[in-house]
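# Summary of the model geometry
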Amino acid sequence: MKRILITGGAGFIGSHLSEKLLEQGNEVICLDNFFTGRKANIRHLLSNPEFEFIRHDITEPIFLEVDQIYNLACPASPIHYQYNPVKTVKTSVMGAINMLGLAKRIRVPILQASTSEIYGDPLVHPQTESYWGNVNCLGPRSCYDEGKRVAETLFYNYHQQNKVDIKIVRIFNTYGPRMLENDGRVVSNFIVQALRNENITVYGQGSQTRSFCFITDLLDALIKMMNSGDFHGPVNLGNPGEFTILELAEKVLKLTGSSSKIIFKPLPKDDPTQRQPDISLAKEKLGWKPVISLEEGLQYTIEYFRKTIKK
Ligand code: NAD
Ligand code: UDP
């Protein structure tokens, strides 16, 4: 049994990870400032004596004794990370410094939830870990992209300079139950719109591509990476199946049986045109590959939103 700290533990990925690590017999300390996380995501865990919640903002230091740290705290949807861009940079950069300082003091492994966004609007396709990316440092997405890039640099530097046992994962679009119905990410937007028979809002022509990974697949990879010994990453984690946004809209319409119409809205500035992970490294080093198809994952997510959204 390990005592495991999860920052951002009340968010979408963090709450699923808390649940899974508890199921595996660990103690979990979940830390969150509830910016995009919700009490509802962790309410069912509060009665578990091995689960502890701390309301805390990772831009401030904290002193704890744990065996592993997953650093997930950071808003992930463009609407939320662009709401207060300065705060987004502070969360990624100061948060990384505080959590790395903690990992250094107590000498434990620390995993950083980095992102495919560090590749920006990629000129290399599919993206391999060796690609340096194509990021605009002044655009609307830069608070997130550059914040996450500096966080990777800090992790690398703490490893080089202080021998901190770092684990960097670059997560590609992940979806599933507990996404916020109003957080603006494409999978939740389309499903909620379809279930309400509202227009499906495709940005641009819908020809931009994304690769969607179901949450349970990602959790397996995160835990494998944390326990991967001398392997420090960075490693891409995602589902290599690549779909245009229009294809996604059509799949959601079919699976929900909705009468919604697809409408086209302006493409947000700097929206990446293509994104697909090369996961050869994850296969080789972690023996991992996703097993849930987009249709299957969408069905689970649709079931969740059917039960939870206000019509
Ligand atoms: P989320 O918004 O649901 O979760 C983020 C959590 O962090 C929330 O609970 C939020 O309240 C908390 N948080 C934000 N700022 C904080 C701060 N300063 N101090 C403490 N807590 C804070 O998003 P998610 O999809 O669960 O993403 C989790 C992590 O994974 C993020 O770091 C994100 O960048 C990364 N990631 C996610 C995806 C994805 O597709 N879901 C893709 C790439 C990377
Ligand atoms: N998107 C869309 N309609 C929506 C929400 C998003 O067409 O209602 C598009 C968005 O422009 C982007 C893709 O879907 O091209 C994925 O968007 P999301 O915000 O989920 O993630 P990210 O752009 O960070 O990959």
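To be clear, the structure that these remarks concern was listed above.
In this report, we go over the structure that sits alongside the text. Computed from a predicted structure; not experimentally measured.

## Quick look at the overall build of the chain
Along its length, the chain carries 10 helices and 13 strands. Since a compact globule built from 311 residues should have a radius of gyration of about 19 Å, the 19 Å found for the chain is in line with a globular shape. In the chain, of all internal contacts separated by at least 6 residues, the share reaching a separation of at least 24 is 80%. Between the averaged position of the 36 positive side-chain charges in the chain and that of its 33 negative side-chain charges there is a distance of 3 Å.

## Describing the site of ligand 2
Neighbouring ligand 2 are 18 residues; Arg 141, Thr 201, Arg 210, Asp 271 and Arg 275 lie closest to it. Between an oxygen atom of ligand 2 and a side-chain N or O atom of Asn 173, the distance comes to 2.9 Å. Contact between ligand 2 and Val 186: an oxygen atom at 2.8 Å from a main-chain N or O atom of the residue. Taking 520 Å² as the accessible area of ligand 2 by itself, protein coverage stands at 95%. Sorting the residues of the shell around ligand 2 by element identifies helix H6 (186-195) and strand S8 (200-203) as the ones contributing at least two each. Its residues placed into classes, the shell around ligand 2 shows seven nonpolar, five polar and six charged.

## Examining the packing of aromatic side chains
As enumerated under the stated definition, the model contains nine aromatic pairs in all. With 6.2 Å between their ring centres and 40° between their planes, Tyr 119 and Phe 172 make a pair best called tilted. With Tyr 119 in the loop between strand S5 (110-115) and helix H5 (142-162) and Phe 172 in the loop between strand S6 (166-171) and strand S7 (174-175), this pair connects stretches of sequence that are 53 residues apart. Exposure remark for Tyr 119: the relative accessible area of 1% places this residue in the buried category. In this structure Phe 172 comes out as buried when scored by relative accessible area, which is 1%. The structure contains a cluster of three or more aromatic residues connected by ring pairs, namely Tyr 175, Phe 212, Phe 214 and Tyr 300.

## Some words on the pattern of salt bridges
Under the criterion given, the structure shown has 16 salt bridges. For Arg 141, the salt bridge identified is with Asp 271, shortest N-O distance 4.0 Å. Of this pair, Arg 141 sits in the loop between S5 and H5 while Asp 271 sits in the loop between strand S13 (262-265) and helix H9 (280-286), placing them 130 residues apart in sequence. A residue is classified by how much of its surface remains accessible, and Asp 271, at 12% relative accessible area, is buried. Linking Lys 251 and Glu 295 is a salt bridge whose minimum nitrogen-to-oxygen distance equals 2.5 Å. Residue Lys 251 is located in helix H8 (residues 245-256), and its partner Glu 295 is located in helix H10 (residues 294-308); the two are separated by 44 residues in the primary sequence.

## What about the sheet that holds strand S4 (residues 68-71)?
As summarised here, the arrangement of the seven strands in space is S3-S2-S1-S4-S5-S6-S11, forming an open sheet in which the pairing is parallel. Of all strands in the sheet, those with a lone pairing partner are strand S3 (51-55) and strand S11 (235-237), marking the two edges. Going from strand to strand, the sheet's axes swing by 20° on average, the running direction of each strand aside. Pairing of strand S1 (residues 3-7) with strand S2 (residues 27-32) involves five bridges; the strand directions are parallel. Bridge assignment links Ile 4 to a residue of S2, and that residue is Val 28. Running at roughly 170° to S4, helix H4 (residues 85-106) makes contact with S1, S4, S5 and S6 of the sheet. Helix H7 (residues 215-226) contacts S4, S5, S6 and S11 of the sheet and is inclined by roughly 160° relative to S6.

## Details of H7
Relative to the 16 Å expected for 12 residues at 1.5 Å per residue, H7 spans 17 Å between its end C-alpha atoms, a close match to the ideal helical length. The buried count for H7 comes to nine of 12 residues, which makes it a mostly enclosed element.

What counts, and where the lines are drawn
Residues numbered from 1 in each chain as written. Chains lettered and ligands numbered in written order. Predicted model: local features only at pLDDT ≥ 70, side-chain atom pairs only at ≥ 80, totals over all residues. Heavy atoms only, no water. Helix = DSSP H or I, 4+ residues; strand = E, 2+ residues; numbered from the N terminus. Rg over C-alpha atoms; globule rule 2.2 N^0.38 Å. Contact = heavy atoms within 4.5 Å. Lys, Arg positive; Asp, Glu negative; His and termini not counted. Charge placed at Lys NZ, Arg CZ, Asp CG, Glu CD. Near = heavy atom within 4 Å. Polar contact = N/O pair within 3.5 Å; in protein donor to acceptor, adjacent residues only side chain to side chain. Areas by Shrake-Rupley, 256 points an atom, 1.4 Å probe, with all protein chains shown as cover. Nonpolar A, V, L, I, M, F, W, Y, C, P; charged D, E, K, R; others polar. Phe/Tyr/Trp six-rings, centres within 6.5 Å; stacked < 30°, edge-to-face > 60°. Buried < 20%, exposed > 50% of the residue type's maximum accessible area, 1.4 Å probe, protein only. Salt bridge = Lys/Arg side-chain N within 4 Å of Asp/Glu carboxyl O. Pairing = 2+ DSSP bridges. Axes fitted to C-alpha atoms, helices over the stretch in contact; angles between N-to-C directions. Expected span 1.5 Å × (residues − 1).

The quantities given are spatial measurements derived from coordinates; they are silent on function.
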